[in-house]
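Each chain, written out:
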Amino acid sequence: MTTEAGSEQEGELLTLDELTERTGVSARNVRFYASRGLVPSPVRRGRSGYYGPDHVARLELVRELQGHGFTLSAIEKYVEAIPESASPSDIARHLSLLTPVTGDRDVDVPGGLSGMGISPEAAEAVAEVYAEHGRQVAHELSEIVRTMVWPQFREAGYTAEQLREFIHRLKPLTIAGLVTAYEQAIDESAAESADRRTTTRG
């Protein structure tokens, strides 16, 4: 985890009440997460504990992971993979890549397809194609951001909020690009099928 000195240097310090108000995480959970090593211990000033941007960033990441259905054990493994030297901006990159494009996380693809008269087996197969390729796209884009985009942002002195704004703007473009690529592929596939049928008949 980031050292207390590192957290203090990153920006303003918050009381526990201010931290819970900022993140929406209860004081009880803040202490619990700290006991599990998911967030650093507070910065001590006499008998009082204070929290910096590093605490805020890590709490927001934990909350987002929970929203994605991660178990506590899975969250611990995810957080362990983040270097101790990671800055709040580094952590914000993880958070931004997890945040969905829209607020609708609970799209029932199999249910929607079954409602169109498609068998449950076919609906599940289609949903798995979506999920598999979605994970692949997310992984590859994450690597591009990590290895090519983020170093430029860091060198330019971008803040965590600026990084999150960039990701927010990137996601709609990603969705539009995927839809366009899918439509083009479908058109090409349909044209190839028509050509094969014509050739077979000839």
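Can you help me understand the side chain of T20 in this one?
One can find T20 in helix α2 (residues 16-23). Looking at T20, its side chain comes within polar contact range of the main-chain oxygen of D17, at 2.8 Å.

It is not clear to me how the nonpolar core should be interpreted in this structure. Could you clarify?
The biggest cluster of nonpolar side chains holds 20 residues, and the ones touching the most others in it are L19, V30, Y33, L38, L59 and I75. Elements supplying a minimum of two residues to this core: α2, α3 (27-35), α4 (53-67) and α5 (72-80). Among the elements that make up this core, the one with the highest residue count is α4 (6 residues). One finds A92, V149, W150 and F153 within the second-largest nonpolar core, a separate group that totals 7 residues.

When you look at the packing of α4 against α5 in this model, what are you seeing that I'm missing?
A pair of packed helices can be characterised by two numbers: the angle between their axes and the separation between those axes. Taken N-terminus to C-terminus, the directions of α4 and α5 make an angle of 135°; their axes are 10 Å apart at the nearest point. By the criterion of interaxial angle, the relationship of α4 to α5 is oblique. In the packing of α4 onto α5, the handedness of the crossing is right-handed. For the pair formed by α4 and α5, the contact residues are R58, L61, V62, L65 and Q66 on the first element and I75, Y78 and V79 on the second.

Would you explain α2 in this entry?
Since the α-helix advances by 3.6 residues per turn, residues separated by three or four positions end up pointing in the same direction. Regarding α2, the residues found buried are L16, L19, T20 and T23. Angular distribution of buried residues about the axis of α2 spans 95°; they occupy a single face of the element. Exposed and oriented more than 90 degrees from the buried face of α2 are D17 and E21. Looking at the buried side of α2, the elements it contacts are α3, β2 (48-50) and α4. Just downstream of α2 lies G24, where phi reads positive at about 80°.

Conventions adopted
Residues numbered from 1 in each chain as written. Predicted model: local features only at pLDDT ≥ 70, side-chain atom pairs only at ≥ 80, totals over all residues. Heavy atoms only, no water. Helix = DSSP H or I, 4+ residues; strand = E, 2+ residues; numbered from the N terminus. Polar contact = N/O pair within 3.5 Å; in protein donor to acceptor, adjacent residues only side chain to side chain. Core = buried A, V, L, I, M, F, W, Y, C linked by side-chain atoms within 4.5 Å. Buried < 20%, exposed > 50% of the residue type's maximum accessible area, 1.4 Å probe, protein only. Axes fitted to C-alpha atoms, helices over the stretch in contact; angles between N-to-C directions. Parallel < 35°, antiparallel > 145°, perpendicular 65-115°, else oblique. Left-handed = near helix turned anticlockwise from the far one by under 90°. Contact = heavy atoms within 4.5 Å. Arc of directions from axis to C-beta.

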